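Reading the structure
The chain contents come next:
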Amino acid sequence: MSTRIQRDKEKKQQEEFQAILRRLLLEEDNKYCADCDAKGPRWASWNIGVFLCIRCAGIHRNLGVHISKVKSVNLDTWTEKQTLSIESLGNRSCRRVYEADLPSSFRRPQTDSYPFAELGTVS
Ligand SMILES: [Zn+2]
């Protein structure tokens, strides 16, 4: 009986986290991949706090989990810590921090380009 209650509780909690994530994805800045502006990101780096397209999620994953912890928004199970982390950050505030000192010549990589190919991180 208690395991069932526990299971129900966890299920309910997951639904709450999913609802938070869905709501976050409706925010204007989160409707596009933080790295390449691709529409409708469905992946996220919860420690950095950004929503990403599948390709940029792959690039983040290649960086290693000590730098970026990538999850699927709707296919993975989220913990409270992870959900709160991305809720408190998001694409807008992360761009403000990570892209604060970009040179004016910076061009955001586009969805179909391989911006890191020359660094050897994408094969
Ligand atoms: Zn992207």
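Residues numbered from 1 in each chain as written. Predicted model: local features only at pLDDT ≥ 70, side-chain atom pairs only at ≥ 80, totals over all residues. Heavy atoms only, no water.

Looking at an unreviewed UniProt entry, one finds the protein named Putative stromal membrane-associated protein 1-like, with Stichopus japonicus as its source organism.

Focus on the coordination of the zinc ion
In the first shell of the zinc ion, the protein supplies Cys-33 (SG), Cys-36 (SG), Cys-53 (SG) and Cys-56 (SG), at 2.2 to 2.3 Å from the metal. One way to put it: the 4 donor atoms around the zinc ion meet at angles of 105 to 117°, and that makes the site tetrahedral. As a motif over one chain, the donors of the zinc ion read C-x2-C-x16-C-x2-C. Taken together, the residues span a long stretch of sequence, with Cys-33 in the loop between α1 (2-25) and β1 (43-45) and Cys-56 in helix α2 (residues 54-63) at a distance of 23 residues. Residues Cys-33 and Cys-56 agree in their burial class; the two are buried. (Donors = N, O, S within 2.8 Å, 3.2 Å for Na, K, Ca; no water. Tetrahedral: all angles 85-135°; square planar, octahedral: opposite > 155°, others 65-115°. Helix = DSSP H or I, 4+ residues; strand = E, 2+ residues; numbered from the N terminus. Buried < 20%, exposed > 50% of the residue type's maximum accessible area, 1.4 Å probe, protein only.)

Quick look at helix α4 (residues 90-98)
Residues that lie three or four places apart on an α-helix share one face, since the helix turns once every 3.6 residues. Here α4 has its buried residues at Gly-90, Asn-91 and Cys-94. All buried residues of α4 fall inside an arc of 120° around its axis, so they share one side. Along its buried surface, α4 packs onto β2 (50-52) and α3 (80-88). (Arc of directions from axis to C-beta. Contact = heavy atoms within 4.5 Å.)

Section: unusual backbone geometry
Backbone geometry follows two general trends: most residues other than glycine have a negative phi, and most peptide bonds adopt the trans configuration. Unusually for a residue other than glycine, Asp-37 sits at a positive phi of about 70°. Relative to the elements of secondary structure, Asp-37 occurs in the loop between α1 and β1. Relative accessible area serves as the criterion here: at 36%, Asp-37 is assigned to the partly exposed category.

Some thoughts on the nonpolar core
Nonpolar side chains in soluble globular proteins tend to end up buried together. Counting residues in each nonpolar core, the largest one holds 13 residues, and the members touching the most others are Cys-33, Cys-36, Val-50, Leu-52, Cys-53 and Cys-56. With 11 residues, the next largest nonpolar core counts Phe-17, Leu-25, Ala-44 and Trp-78 among its residues. (Core = buried A, V, L, I, M, F, W, Y, C linked by side-chain atoms within 4.5 Å.)

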